[in-house]
Amino acid sequence: MTNEIRAIFDRIAPVYDQLNDWLSLGQHRIWKEMTVKWSQAKPGDICLDLCCGSGDLSLRTARRVGATGHVYGVDFSPGQLAIARVRQESQYPKPSITWVEADVLDLPFTDNKFDAATMGYGLRNVKDIQRSLQEIHRVLKKDAKAAILDFHRPGNPQLRAFQQWYLDNLVVPIAHQMGVKEEYAYISPSLDRFPTGIEQVEIARQVGFATATHYPIANGMMGVLVVHKL
């Protein structure tokens, strides 16, 4: 990821969770629970949450793996990780999570380490999607799955037009009121560059995943890519 995108996520860190709640009408919580479920993380597992941000998926996964499991939350934004640490400390019992500042294109982990992995709203922002999926494949154990949640452009023209209206008339103005208009204006161009679900499945297979399935949700405005390493 570029230093520019890192700076964006550092700046929005203080309002990131509140904006997600408002902009998704609370639905992002359901989507994240679905993502953790699709990763098939289970009690005692060692799990990876990439582009963890303020720690939402990491905390959800930590609850699922329990006291005998462990989660590594990875992000390149020190501002986001600082908030994630505060959230972790406020939980009782304290979740078993290690926060790691690192680039998802060059993960500081050995091969075949993790039982499951998640990524929320990160794949769309990496410089090299294929390299990112290669790294996920490398660090997953055999028979492990990863679930990757992100925004998408819906294929339906009417829904696509609605999504753009929503971004222009609700997302950016709310972000403007919170002092982060420029930081949220990048979402629309990032969606235009993002591969479709079918294209993501093809890239996942190219890097070695045995199976890859893309599940459209929220009328195709969101999606979860589930990949399986054999």
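With an unreviewed UniProt entry as reference, the protein is termed 2-phytyl-1,4-naphtoquinone methyltransferase, source organism Iningainema tapete BLCC-T55. One UniProt comment on the protein, placed under Function (unreviewed entry), says "Methyltransferase required for the conversion of 2-phytyl-1,4-beta-naphthoquinol to phylloquinol." If you open the UniProt record of the protein and go to Pathway (unreviewed entry), you find "Cofactor biosynthesis; phylloquinone biosynthesis."

Asks: Looking at this structure, I do not really get the side chain of D49. What am I missing?
Replies: Summarising the element assignment, D49 is placed in strand β1 (residues 46-50). Of the buried charged residues, D49 lacks a salt bridge, with K32 as the closest side chain of opposite charge at 8.8 Å. Ignoring any residue separated from it by four or fewer positions in sequence, one finds D49 in contact with L57, S58, V71, Y72, G73, V74, T118 and M119.

Asks: Help me out: how do you make sense of the pairing of strand β4 (residues 114-120) in this one?
Replies: Put simply, side chains in a regular strand alternate between the two faces of the sheet. Most of β4 is tucked away: 6 of the 7 residues are buried. Pairing of β1 with β4 involves 4 bridges; the strand directions are parallel. In the sheet register, L50 faces β4, and the bridge partner there is M119. Judged from the 6 bridges that link them, β4 and strand β5 (residues 140-151) form a sheet pairing that is parallel. Following the sheet pairing, A117 is matched in β5 by A146. One crossover worth recording links β4 to the parallel β5 by way of helix α6 (residues 129-139), and it is right-handed.

Asks: Is there a simple way to explain the sheet that holds strand β7 (residues 222-228) in this structure?
Replies: In any sheet, the strands associate via hydrogen bonds between backbone groups, in a parallel or an antiparallel arrangement. Across the sheet, which stays open at both edges, the 7 strands sit in the order β3-β2-β1-β4-β5-β7-β6 with mixed pairing between neighbours. Looking at which strands have only one partner, the edges of the open sheet turn out to be β3 (97-101) and β6 (211-217). Neighbour to neighbour, the strand axes of the sheet diverge by 15 degrees on average, direction disregarded. Judged from the 7 bridges that link them, β6 and β7 form a sheet pairing that is antiparallel. Within β7, the position partnered with I217 by the bridge is M222.

About the criteria used
Residues numbered from 1 in each chain as written. Predicted model: local features only at pLDDT ≥ 70, side-chain atom pairs only at ≥ 80, totals over all residues. Heavy atoms only, no water. UniProt positions renumbered as here; feature names shortened; annotations may be inferred. Helix = DSSP H or I, 4+ residues; strand = E, 2+ residues; numbered from the N terminus. Buried < 20%, exposed > 50% of the residue type's maximum accessible area, 1.4 Å probe, protein only. Lys, Arg positive; Asp, Glu negative; His and termini not counted. Salt bridge = Lys/Arg side-chain N within 4 Å of Asp/Glu carboxyl O. Contact = heavy atoms within 4.5 Å. Pairing = 2+ DSSP bridges. Right-handed = clockwise from strand over helix to strand, strands pointing away. Axes fitted to C-alpha atoms, helices over the stretch in contact; angles between N-to-C directions.

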